[in-house]
Amino acid sequence: MTTTTLAVLVPLLPFLGAAAGLLLGRTAPGFVRPLAVLPALAALVLAALVAVRQGGGPPIAAHTELTPTGSVPIELSLDIDGFAALVAVLVAFVATCVQIYSTGYLRDDPRYPSYAALVSLFTSAMLVVVYSGDLIVLLVGWEVMGICSYFLVGHYWETPEARAASLKAFLVTKLGDVPFLIGLFALGTAAGSFQITRVLGAVAGGGIDHPTLVALLLLAGVAGKSAQFPLHTWLPDAMAGPTPVSALIHAATMVAAGVYFVARLLPVFEASQAAMVVLAVMAAVTMTGSGLAALAQDDIKRVLAYSTIGQLGYMTGALAVGDRGAAVFHLLSHGAFKALLFLAAGVIIHAAGTNSLAAMSRMSHLRDRVPDAYWTMTVALLALAAVPPFSGFFSKESVLGAAEHVATGHTGHAPGAAGWTVLVAGLLTALLTAAYATRLWLLAFRGKGAEAPDHGRQPLTMTVVLWVLAVPSLAFGGLAYRSLPAWFDGRDLTPTLLTSVLGTGLALVGGLVTYGTWQRTRALAARVPAAPAPSFEWESLQGEAAAHPEGDASLVEAHALADHGPAYGELAHAPDPGRLLLGPLYRHAAVGFHLDAVYSVLFVRPVQAGASLVRFLDSAVVDTYVRGAAALPRLLGAAVRRAQTGNVQTYVSALLAGAVVLTVTVLLVATGA
């Protein structure tokens, strides 16, 4: 079988699995789980074969015209270079892990068939984005992911949080997609083709007019899809969806698509120095702001959501300094440990019955209830904090090293201002990342108080996936940083001494300071009488939740999300080091620095006011004219209706009177009177 055929099958198999799952979900439910897992697993095997055959060599290219357009053609096109080959393996790997995990996590969910089908369709759409060599076909995958995220985030549609989150995710990303679409059309028109290779050729030949405007239009879509400032606000709210969906969105699809798109079209952005500076500033604000916000979140999944935003900021920072190899290296590394973090968080939420870190901090022996999640999440948090030798250290240092080279003038791929911006923000984010990772670990696993409930061991399908993901979280970076340059642009990804010392040192400082602050806050909290610990009466969770080991984890999570709030009365009494570290900034960071309120004032309220005005004009003006136009015929009809009495004598009298009038009129006219 040719490599091209294998590459076509990679996105096709999950798509067929999604279609079959939707068709057979009700009539043959026994086939749903195999149809969810096997296509993703087969896609993983085929993607690995494609990567082996590509081997970092010349791109695998094939294309055929999809339909004649009369102007710029649209083609079904494959363009698989080293970047595409490895990212496709990541997507298929994470999707397979999520599908296997979901068979245990949502085993009693009545909507599992549609959920599994949407996950498969989501996976297929991302693989189309990765392999596509045509911008319009890429756009199709881009938009299919958007609609899949809408349905998956709103999986628990009974809760208002899920409904609002799904709508917000859809609208915010669409807000960025409008200028993104305009930018794609501008590129295709200027290049005379939507094929990526021809577009890049036109850029190299200076054939793109207004490169800064085009790059900024494209950046708007990237900011929405990859949750970068200022369009990042949808991602923390999207945690209302099931935890496996969060893992898929954060690790290998949706948010990764924007970073991957910029990496594929990096010469378009490098054609404008201003666009590179804007990209660097966007990355810097995203990194630091998300790090501060993560320190103030009580919801364990929202902490991880803000960490994703920050790590994506590292990737966009690498792109801002012109090193797409470092960006994709961190994308691959981050995909493994972020999927592990979310899936382990799902296990913890099931065991604790809450997603509140404040509540977990008042439980004892939670780590003993979930040993697999405890050890694997510890590995993932160390990778997130970029502690050597975990994978996050090598990929993050490749980003900081690239920024250092640009800042010190050793390379001219980007402006020096972009290098300094990314370097300073990256080092500060290293400090913040270690701080909130340490905080999460301490609050979740080192609590004191009521005994955590014991539900027995988690399903094997869930725990095995955690350990599988722990392997690349631990070893991928150290094994890959020497070999990946051959797959990418050939630039060295070896950590530099200066940034390694600074980054690791700041991470250690962040972790140690947070630990010391936690010790102090716990001592202070011990002096304050706490509210009674909540009783975990699992049977009260609407019929059946998790009173026994076979309880459905997704049901527990749905109720935990719906009922999320301070579990112990005054939250200030919980031993939260983030409150002390941030001081007066804490309450602002906890609500994302009020960006939602700002957007409400700038966009939501004006749109609602405009809608109210349109509604008023429609009812008071347009409807008045419509009613007036109908009133005259209605009055005439009423007058005519009065003459229709049904009395024959009246009709004969009127007939005779009319005849007399006509006769008299004729005689008068004839005599000339």
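Residues numbered from 1 in each chain as written. Predicted model: local features only at pLDDT ≥ 70, side-chain atom pairs only at ≥ 80, totals over all residues. Heavy atoms only, no water.

**Q** How do you make sense of the packing of aromatic side chains when you look at a structure like this?
**A** Aromatic ring pairs: the centre-centre distance and the angle between the two ring planes describe each pair. Taken as a whole and assessed by the stated rule, the structure comprises 17 aromatic pairs. The interplanar angle of 10 degrees and the centroid separation of 4.4 Å between the aromatic rings of Trp142 and Phe180 together place this pair among those described as stacked. Linking Trp142 in helix α5 (residues 135-153) with Phe180 in helix α6 (residues 160-191), this pair joins segments that are 38 residues apart in sequence. Given a relative accessible area of 0%, Trp142 falls into the buried group. Taking the relative accessible area as the measure of exposure, Phe180 reaches 0% and is therefore buried. With a centroid separation of 5.9 Å and an interplanar angle of 70 degrees, the aromatic rings of Trp142 and Phe261 are classed as edge-to-face. You can see Trp142 sitting in helix α5 and its partner Phe261 sitting in helix α11 (residues 255-264), a full 119 residues away along the chain. Every member of this aromatic cluster is reached through a ring pair, and the members are Tyr374, Trp375, Trp441 and Phe445. (Phe/Tyr/Trp six-rings, centres within 6.5 Å; stacked < 30°, edge-to-face > 60°. Helix = DSSP H or I, 4+ residues; strand = E, 2+ residues; numbered from the N terminus. Buried < 20%, exposed > 50% of the residue type's maximum accessible area, 1.4 Å probe, protein only.)

**Q** In this structure, what is going on with the nonpolar core? I would like to understand it.
**A** A general feature of soluble globular proteins is that nonpolar side chains tend to end up buried together. Within the largest apolar cluster, 195 residues are counted, with the highest numbers of intra-cluster contacts made by Tyr131, Trp234 and Phe261. Take this core: its biggest share by element is 19 residues, from helix α15 (residues 324-352). Here Trp234 is in contact with Lys168, Ala169, Val172, Thr173, Gly224, Lys225, Ala227, Ile249, Met254 and Val255, once residues within four sequence places are set aside. (Core = buried A, V, L, I, M, F, W, Y, C linked by side-chain atoms within 4.5 Å. Contact = heavy atoms within 4.5 Å.)

**Q** What am I meant to see in unusual backbone geometry here?
**A** Among all residues save glycine, negative phi is the norm, and among peptide bonds the norm is trans. Following Phe229, the chain continues into Pro230 via a peptide bond in cis, with omega recorded as 10 degrees. Relative to the elements of secondary structure, Pro230 occurs in the loop between α8 (211-225) and α9 (234-237). Along the chain, Pro388 connects to Pro389 via a cis peptide bond; the corresponding omega equals 5 degrees. Position of Pro389 relative to the elements: it lies in the loop between α18 (371-384) and α19 (391-407).

**Q** Sorry, what's going on with the pattern of salt bridges here?
**A** For side chains of opposite charge, pairing can occur when their charged atoms come near one another. This structure, assessed with the given rule, holds 11 salt bridges. The shortest N-O distance in the salt bridge between Arg264 and Asp79 comes to 3.2 Å. Separated by 185 residues along the polypeptide, Arg264 in helix α11 and Asp79 in strand β2 (residues 74-80) bring together distant segments of the chain. With a closest N to O distance of 2.4 Å, Glu143 and Lys174 form a salt bridge. Linking Glu143 in helix α5 with Lys174 in helix α6, this pair joins segments that are 31 residues apart in sequence. Taking relative accessible area as the criterion, Lys174 reaches 18% and is therefore assigned buried. Where salt bridges share partners, they join Lys168, Asp237, Arg302 and Asp596 into one cluster. (Salt bridge = Lys/Arg side-chain N within 4 Å of Asp/Glu carboxyl O.)

**Q** Can you help me understand the environment of Thr123 in this one?
**A** Relative to the helices and strands, Thr123 resides in helix α4 (residues 112-131). Spatially, the C-alpha atoms of Thr123 and Val399 are 27 Å apart, while their sequence positions differ by 276 residues. Apart from residues lying up to four places away in sequence, Thr123 is in contact with Pro14, Val91, Ala95 and Leu248. A polar contact is formed between the side chain of Thr123 and the backbone oxygen of Val119, at a distance of 2.8 Å. (Polar contact = N/O pair within 3.5 Å; in protein donor to acceptor, adjacent residues only side chain to side chain.)

**Q** Explain a nonpolar patch on the surface to me, please; I cannot follow it from the model alone.
**A** A contiguous nonpolar patch, built from Leu613, Phe616, Leu617, Val621, Val622, Tyr625 and Val626 and spanning about 690 Å² of accessible area, is present on the exposed surface. Mapped onto the fold, Val626 is located in helix α27 (residues 595-643). (Patch = residues over 30% accessible without salt bridge, like charges linked within 9 Å, V, L, I, M, F, W, Y side chains within 5 Å. Areas by Shrake-Rupley, 256 points an atom, 1.4 Å probe, with all protein chains shown as cover.)

**Q** Help me out: how do you make sense of the pairing of strand β1 (residues 60-67) in this one?
**A** The pairing of β1 with β2 spans seven bridges and is antiparallel. From the neighbouring strand, Thr64 faces β2, where its bridge partner is Leu76. Counting the residues between successive antiparallel strands, the hairpin from β1 to β2 contains six residues, one of them, Gly70, with a positive phi of roughly 85 degrees. (Pairing = 2+ DSSP bridges.)

**Q** Before we go on, may I ask you to explain the packing of α8 against α11 in this structure?
**A** Helix-helix packing is characterised by the crossing angle of the two axes and by the distance between the axes. Put simply, α8 and α11 touch, their axes get as near as 7 Å, and they point 150 degrees apart. As judged from the angle between their axes, α8 and α11 are roughly antiparallel. Between α8, through Leu218, Val222 and Lys225, and α11, the contact on the second element is made entirely by Val255, Ala257, Gly258, Phe261 and Val262. Along the lines of polarity and charge, the residues of the contact of α8 with α11 split into six nonpolar, one polar and one charged. (Axes fitted to C-alpha atoms, helices over the stretch in contact; angles between N-to-C directions. Parallel < 35°, antiparallel > 145°, perpendicular 65-115°, else oblique. Nonpolar A, V, L, I, M, F, W, Y, C, P; charged D, E, K, R; others polar.)

That is the geometry; function is a separate question.
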